[in-house]
Amino acid sequence: MIKAITGTKDILPADIPQWRHIESVVLKVMNEFNYKEIRTPVFEQTILFTRGIGESTDIVSKEMYTFLDRSQTSITLKPEMTASVVRAFIEHSLEKKQSLNKFFYISPMFRQERPQAGRLRQFHQFGAEALGSKSPILDAEMIIIPFRILKLLGLKNLSVKINSLGVPQSRENYKKILKEYLKPHLNKLSEDSKKRVNTNILRIFDSKDQKDQEILNNAPLLIEYLDDESLEHFEKVKQALLSAKIPFEVDARLVRGLDYYTHTTFEVISGSVGSQSALCGGGRYDLLVKELGGSETPGVGFAAGIERILLACANEKSLRLNDESLDLFIVNIDKNLSDYAFNVSLFFRENGLSVDLDYLNRSVKAQMREANRQNAKFVLILGGEEFAKGEILLKDMNTSQQVTFLKDELEKVVQKIKSQLDANNLRS
Ligand code: AMP
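Residues numbered from 1 in each chain as written. Predicted model: local features only at pLDDT ≥ 70, side-chain atom pairs only at ≥ 80, totals over all residues. Heavy atoms only, no water.

Draft legend 1. Highlighting the packing of helix α5 (residues 136–152) against helix α9 (residues 228–243). Two numbers describe how α5 lies on α9: the axes approach to 8 Å, and their chain directions differ by 45 degrees. Looking at the two axes, α5 sits oblique to α9. Here α5 and α9 pass one another in a crossing that is right-handed. On α9, the residues touching P136, D139, A140, I143 and I144 of α5 are H233, K236, V237, A240 and L241. Considering only residue class, the contact of α5 with α9 consists of 7 nonpolar, 1 polar and 2 charged. (Axes fitted to C-alpha atoms, helices over the stretch in contact; angles between N-to-C directions. Helix = DSSP H or I, 4+ residues; strand = E, 2+ residues; numbered from the N terminus. Parallel < 35°, antiparallel > 145°, perpendicular 65-115°, else oblique. Left-handed = near helix turned anticlockwise from the far one by under 90°. Contact = heavy atoms within 4.5 Å. Nonpolar A, V, L, I, M, F, W, Y, C, P; charged D, E, K, R; others polar.)

Draft legend 2. Representation of the site of the ligand. The environment of the ligand is formed by 14 residues, the closest being R111, E113, L120, R256 and A278. Note that a nitrogen atom of the ligand is positioned 2.8 Å from one of the backbone N or O atoms of L120. Here A278 contributes a backbone N or O atom positioned 2.9 Å from an oxygen atom of the ligand. With 3 residues, the top contributor of residues to the shell around the ligand is strand β10 (residues 278–284). Of the residues contributing to the shell around the ligand, the split by class is 6 nonpolar, 3 polar and 5 charged. (Near = heavy atom within 4 Å. Polar contact = N/O pair within 3.5 Å; in protein donor to acceptor, adjacent residues only side chain to side chain.)

Draft legend 3. Quick peek at unusual backbone geometry. For H263, which is not a glycine, the phi torsion comes out positive at approximately 55 degrees. By relative accessible area, H263 is classed as buried at 4%. Non-glycine residue N375 carries a positive phi angle of around 60 degrees. Locating N375 in the fold gives a position in the loop between α13 (364–373) and β14 (378–382). On the basis of relative accessible area, N375 is assigned to the partly exposed category, the value being 40%. (Buried < 20%, exposed > 50% of the residue type's maximum accessible area, 1.4 Å probe, protein only.)

Draft legend 4. Highlighting the pairing of strand β5 (residues 101–110). The buried count for β5 comes to 8 of 10 residues, which makes it a mostly enclosed element. Bridge count for strand β1 (residues 36–37) against β5 is 2 bridges, and the pairing is parallel. Within the sheet, the bridge partner assigned to K36 lies in β5 and is F103. Examined bridge by bridge, β5 and strand β6 (residues 122–131) share 10 bridges and lie antiparallel to one another. Looking at β6, one finds that K102 is bridged to A130. (Pairing = 2+ DSSP bridges.)

Draft legend 5. A look at the sheet that holds β6. One open sheet holds the 8 strands; their spatial order is β1-β5-β6-β11-β10-β9-β7-β8, and the pairing between them is mixed. Strands at the two margins of the open sheet, each flanked by one partner only, are β1 and β8 (249–250). Lying on the sheet, helix α1 (residues 16–32) is in contact with β5, β6 and β11 (299–305); it crosses β5 at an angle near 160 degrees. Most of the contacts of α5 go to β11, to which it runs at about 20 degrees, and overall it touches β5, β6, β7 (158–164), β9 (262–270), β10 and β11.

Draft legend 6. Spatial organisation of α13. Those residues of α13 that sit buried are A366, Q367, M368, E370 and A371. Those residues of α13 that are buried lie in contact with β12 (328–332), β14 and β15 (391–396). Looking one or two residues past α13, N375 carries a phi angle of roughly 60 degrees, positive in sign.

This is the structure in structure tokens:
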């Protein structure tokens with residue numbers, strides 16, 4: 001048997017209502033905040049990510065799906081969206097059309113990580129990027145938006161962690177101070193952390209190694225070394241979050257190891273999904289656009305993982321979706337009428353109803369069973385004595401009430417079904 005690749009997942013018809021629901025909530029909230037959708041290709045030149053994410057990050061050094069295509073160009077399946085959005089922004093000179101561009105996306109991403117619950121190799125993110133403003137209100141917006149989406153999905157067990165990485169100058173100073181602090185402990189650090197001392201020292205805080213964490217317990221923290229401008233920016237972000245009634249805590253150890261991050265970084269955490277608990281992460285990246293060849297443009301964004309959110313929703317039983325039941329099932333008593341039944345189904349479909357019928361030559365009883373299995377709201381019965389008299393029978397499956405119509409009165413049948421569906425919607 002040929003199976004799907006490890007770490008990838010089929011999204012089967014039974015799962016689709018949940019995905020659609022999340023996507024519709026994302027569209028609704030992005031519209032409320034006036035973010036416009038952007039779609040970029042699934043693959044890009046590798047150099048976009050090595051430069052845009054940074055050589056020393058886990059994503060670039062260990063996790064990218066990179067290959068040479070037939071013309072020997074190095075291609076990478078996108079592991080995240082920010083670099084692609086920034087590339088498109090620069091390539092199409094979007095800053096010329098308006099000074100602040102607010103984008104959102106929903107897209108698959110690819111990272112060769114060790115698969116586990118909540119960690120896949122193809123997964124899906126929705127997210128946003130705002131390019132063109134330094135306003136701390138936008139940093140706050142990048143937390144308010146996903147928080148609102150997660151609330152609308154019924155999630156309760158949420159917490160928000162924020163931190164500031166300041167501007168590069170104060171960060172560089174701090175890195176020296178941290179290096180100094182770690183010097184006497186170097187031999188006791190884990191192998192990974194030893195490497196990070198020289199490549200990406202801030203990421204040491206992400207280490208899961210207990211010994212590393214013990215050493216870091218007394219380490220100086222970046223936030224204690226921030227310059228005034230960074231502190232003021234951070235204060236304003238916190239104020240905006242307070243006004244939006246977002247509960248948050250400052251976590252001075254939250255580093256998101258990208259070199260181009262400046263000022264705010266954050267994560268939205270769920271207490272309902274086990275070890276892979278970050279549903280969403282993001283931050284400000286005022287240096288990235290320039291790094292990728294554009295003019296100096298501040299930016300800020302977030303990305304949230306849909307599979308992890310679904311896991312949290314399942315564990316909190318927060319998504320109660322109306323099942324997508326069928327409007328009408330056509331039951332065909334007389335096998336000779338199957339072409340007629342098909343044409344009738346097309347008429348109803350063109351009139352906006354969801355319709356199904358028997359394609360398997362089943363008995364009337366089996367067809368009725370199928371209508372029930374599909375939760376059909378109405379059944380139209382063709383054939384038998386009524387049909388011989390020029391009539392067809394419509395049954396409301398909710399009330400079991402039956403009404404006969406002349407068979408050339410299909411418009412009236414449509415009207416009857418629609419008015420009943422409207423009445424039911426009004427009631428529910
Ligand atoms: P990141 O781009 O690493 O900050 O990730 C942002 C969000 O994407 C995370 O909080 C997760 O919800 C999700 N995510 C990241 N990596 C994976 C993965 N391998 N599998 C599933 N979801 C992921």
